[in-house]
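Fold and contact review
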Amino acid sequence: MAVGRAQSVPRAGGGGPFGSDADDTGCRVLHVDMDAFFASVEVRRRPELAGRPVVVGGLGPRGVVCSASYEAREYGVRSAMPTARARALCPHAVYLPPDFPAYSAASAAVMRIFSDVTPLVEPLSLDEAFLDVGGATRLLGRPAAIAAAIRARVADELGLTCSVGVAPTKFVAKLGSARAKPDGLVVVPAGRVVEFLHPLPVEALWGVGERSAQALRRLGLTTVGDLARAPIGMLRGALGEAVAAHLHELSWGRDPRRVSPDQVEKSIGAETTFDVDCADAAALRRAVLALAGKVGRRMRHAGVVGRTVSIKVRLADFRTVTRARTLPGATDVTREIFETAWGLFEALYPGGPPPVRLIGVRVESLVAADGAPRQVMLGTPEHGWREAEAAADAAAARFGRSVVQPASLLAAGDLWAASPKAPDPPT
């Protein structure tokens with residue numbers, strides 16, 4: 001979902017119907033979105049890149065853009081675009097591989113600033129979050145003033161910029177931050193939500209993808225206002241009961257969801273695209289093991305476990321196949337994730353793999369690790385793989401991932417590849 005920033009939208013401190021001076025009574029929800037986050041972190045540590053187009057992403061022939069500075073966006077470069085296409089549009093840009101540890105560290109610093117304002121912070125990703133500031137207004141002032149103070153702290157303390165939407169609901173606040181970009185502040189007063197929403201394209205509504213938008217356009221519904229005024233029966237016929245009701249409510253600014261600071265991710269996954277289509281079973285096995293390790297580490301860091309392991313395989317002809325298996329008990333153990341994922345892959349291609357363009361591993365049905373029941377396998381020692389992996393995580397945190405990862409991958413890969421039976425857990 002993307003909403004273009006109108007020329008008339010005022011910046012922080014400005015007036016107008018949606019400026020920072022607008023009536024923010026009842027606007028307890030903030031959506032804070034960092035501006036070109038990955039690229040901005042790179043520019044912060046390389047000041048000589050300031051003002052130049054910077055693109056962060058995979059640098060191989062099949063790489064994808066993760067983030068583009070606003071200077072690069074002027075040439076049409078966008079996130080999720082193939083890097084090759086970005087190079088064609090902006091050949092003079094600086095292209096950098098992603099440094100996710102650096103982005104995670106910067107994100108943690110941003111989230112600490114949010115937490116200083118309110119405990120009701122719901123991160124959506126590394127670079128955006130919802131905040132409920134209803135309980136902070138007595139101490140810190142009105143919501144727009146809190147938003148301005150957050151922007152100032154992020155700029156002064158971290159050298160980064162962010163855009164903020166202030167509104168009575170999450171949905172409208174997110175639209176506000178999108179309209180404020182870059183480096184701006186938009187307030188949508190409770191009494192002017194419909195005025196703000198109805199001129200927007202229907203694609204601005206959560207849940208309207210390309211196919212839904214096409215169905216709506218066939219009915220002559222191109223704006224949110226068109227959809228809001230359409231008979232609900234017409235929407236049901238085009239979109240179905242549930243989607244029609246959902247979009248109708250949003251089109252009038254009705255969104256009952258609260259900011260949920262303890263919300264657990266629904267799934268955690270990782271995937272890799274090969275520079276050249278890969279049909280080598282050993283290389284694919286190593287890739288699945290590396291992905292399982294990445295997923296397991298992220299789960300342990302997040303304090304979650306999951307029962308369903310899935311794989312995604314994209315073939316050379318771009319056909320995509322997914323398979324999933326639900327385990328008897330929840331896990332965050334790399335070994336279990338890998339064995340399940342590789343078992344799914346082998347079952348999918350028992351005669352040997354075809355050329356593979358992309359492969360991914362994901363764990364779903366996540367719950368908080370504390371108190372989650374675990375299935376103990378017969379013959380498994382009380383202390384084993386999970387404890388060993390936790391120790392490896394601790395070592396990596398202290399000495400760097402490069403100290404731990406290659407050895408663990410080689411040891412596990414060689415052992416598992418050498419025998420149809422998995423090795424005994426370490427003692």
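Keep in mind that what you see is a predicted model, and the values were worked out from it rather than measured.

1. Some thoughts on the overall build of the chain
Within the chain, the secondary structure is distributed over 16 helices and 12 strands. Buried positions account for 46% of the 427 residues belonging to the chain. Contacts in the chain between residues at least 24 apart in sequence constitute 67% of all its contacts with a sequence separation of at least 6. Just so you have it, the chain exposes about 20900 Å², and 55% of that area is on carbon and sulfur atoms.

2. A few points about the pattern of salt bridges
For the structure on display, the rule yields 22 salt bridges. The partner of Arg45 in a salt bridge is Glu42, with the nearest N and O atoms 3.1 Å apart. Of this pair, Arg45 and Glu42 both sit in helix α1 (residues 37-45), three residues apart, roughly one helical turn. For Arg45, a relative accessible area of 40% gives the class partly exposed. Via salt bridges that share partners, Glu42, Arg45, Arg46 and Asp99 belong to a single interconnected network.

3. Observations regarding the packing of aromatic side chains
All chains considered together, the criterion is met by eight aromatic pairs. Ring centres of Phe100 and Tyr103 lie 5.9 Å apart, and the angle between their planes is 85 degrees; this geometry places the pair in the edge-to-face category. Residue Phe100 and its partner Tyr103 are located together in helix α4 (residues 100-117), separated by three residues, close to a single helical turn. Classification of Phe100 by relative accessible area gives partly exposed; the value is 42%. Considering the side-chain rings of Trp342 and Phe345, the 5.2 Å spacing of their centres and the 15 degrees angle between planes classify their relative orientation as stacked. Linking Trp342 with Phe345, this pair stays in helix α14 (residues 334-348), spanning three residues, or about one helical turn. By relative accessible area, Trp342 is classed as buried at 7%.

4. Looking at the confidence of the model for the chain
Overall, the predicted model of the chain reaches an average pLDDT of 85, with 83% of residues at or above 70. For residues 376-383, every residue scores under 50 in pLDDT, and the model assigns this stretch three contacts once sequence neighbours within four places are set aside. The model gives residues 406-427 a pLDDT under 50, and that stretch makes 27 contacts with residues more than four places away or in other chains.

5. Some remarks on the sheet that holds strand β3 (residues 65-68)
With respect to topology, three strands assemble into an open sheet ordered β3-β2-β4, the strand pairing being mixed. Two strands close off the open sheet at either side, each with one partner strand: β3 and β4 (94-96). Each adjacent strand pair in this sheet contributes to an overall mean axis angle of 25 degrees, direction not counted. Judged from the three bridges that link them, strand β2 (residues 54-57) and β3 form a sheet pairing that is antiparallel. In the sheet register, Val56 faces β3, and the bridge partner there is Ser67.

6. Structural notes on the sheet that holds strand β10 (residues 304-315)
Read across the open sheet, the four strands follow the order β9-β12-β10-β11; overall the sheet is antiparallel. The outermost strands of the open sheet, each flanked by one partner alone, are β9 (267-278) and β11 (320-331). Neighbouring strand axes in the sheet, compared pairwise and without regard to direction, differ in orientation by 15 degrees on average. Both β9 and strand β12 (residues 356-368) contribute to a ladder of eight bridges, which runs antiparallel. Considered in β12, the bridge of Ile268 is made with Val363. Together, β9, β10, β11 and β12 form the strand contacts of helix α13 (residues 281-302), whose direction differs from that of β9 by roughly 155 degrees.

7. Quick notes on the environment of Arg307
With respect to the helices and strands, the residue Arg307 is situated in strand β10. Exposure remark for Arg307: the relative accessible area of 38% places this residue in the partly exposed category. Taking the C-alpha atoms as reference points, Arg307 and Val367, separated by 60 residues in sequence, lie 8.9 Å from one another. Ignoring any residue separated from it by four or fewer positions in sequence, one finds Arg307 in contact with Arg325, Thr326, Leu327, Pro328, Gly329, Ala330, Glu364 and Ser365.

8. Points about the side chain of His198
The topology assignment puts His198 in the loop between α8 (193-197) and α9 (210-218). Engagement of the side chain of His198 in a polar contact is seen with the backbone oxygen of Ser251, the distance being 3.0 Å. If we ignore the near neighbours within four places in the chain, the residues touching His198 are Thr223, Val224, Gly225, Ala228, Arg229, Ser251 and Trp252.

9. Let's talk about the environment of His301
Note that His301 resides in helix α13. Taking the C-alpha atoms as reference points, His301 and Asp332, 31 residues apart in sequence, are found 9.9 Å from one another.

10. A few points about the packing of α4 against helix α6 (residues 143-158)
Their axes nearest at 10 Å, the elements α4 and α6 cross at an angle of 145 degrees. The handedness of the crossing between α4 and α6 is right-handed. Taking contact as the criterion, the partners of Ala109, Val110, Ile113, Phe114, Asp116 and Val117 in α4 are, on α6, Ile146, Ile150, Arg153, Val154, Glu157 and Leu158. Here the residues of the contact of α4 with α6 are counted per class, giving nine nonpolar, no polar and three charged.

11. Quick word on the nonpolar core
The biggest cluster of nonpolar side chains holds 42 residues, and the ones touching the most others in it are Leu30, Phe37, Phe114, Leu131, Ile150, Val164 and Val166. Among the elements that make up this core, the one with the highest residue count is α4 (nine residues). Beyond its immediate chain neighbours, meaning those up to four positions away, Ile150 contacts Leu30, Phe114, Val117 and Leu131.

What counts and what doesn't
- In this convention, every chain numbers its residues from 1, walking through the sequence in written order.
- Selection of residues for local features in this predicted model requires a pLDDT of at least 70, selection of side-chain atom pairs for listing and counting requires 80 or more, and totals for whole chains, interfaces and linings are taken over all residues.
- To get the side-chain values, take all heavy atoms of the structure and skip hydrogens and water.
- Put simply, DSSP marks the helices as runs of H or I at least four residues long and the strands as runs of E at least two long, and each gets a number from the N terminus on.
- Only protein chains enter the area calculation, which uses a 1.4 Å probe; residues under 20% of their type maximum are buried, those over 50% are exposed, and those in between are partly exposed.
- Any two residues having at least one pair of non-hydrogen atoms within 4.5 Å are treated as being in contact.
- Working definition of accessibility: Shrake-Rupley area with a 1.4 Å probe, residue cover restricted to the visible protein chains.
- Between Lys or Arg on one side and Asp or Glu on the other, a salt bridge is scored when a side-chain nitrogen of the former is within 4 Å of a carboxyl oxygen of the latter.
- Geometry of aromatic contacts follows a simple scheme: Phe, Tyr and Trp rings, the Trp one being its six-membered ring, pair when their centres are within 6.5 Å, and the pair is stacked under 30 degrees between planes, edge-to-face over 60, tilted otherwise.
- pLDDT is a per-residue confidence score from the predictor, ranging from 0 to 100.
- By the convention used here, strands pair only if DSSP detects at least 2 bridges between them.
- What counts as an axis is a line fitted to C-alpha atoms, over the stretch in contact for a helix, and the angles between N-to-C directions run from 0 to 180 degrees.
- In the analysis that follows, any N or O atom pair within 3.5 Å is treated as a polar contact, provided that within protein one partner can donate a hydrogen and the other can accept it, and provided that, for residues neighboring in sequence, both atoms belong to side chains.
- Here a crossing is taken to be left-handed if its near helix is turned anticlockwise relative to the far helix by less than a right angle, and right-handed if that turn runs clockwise.
- In this classification, the charged set is Asp, Glu, Lys and Arg, the nonpolar set is Ala, Val, Leu, Ile, Met, Phe, Trp, Tyr, Cys and Pro, and all remaining amino acids, among them Gly, are polar.
- To define a nonpolar core, start from buried Ala, Val, Leu, Ile, Met, Phe, Trp, Tyr and Cys residues and group those joined through side-chain atoms within 4.5 Å.

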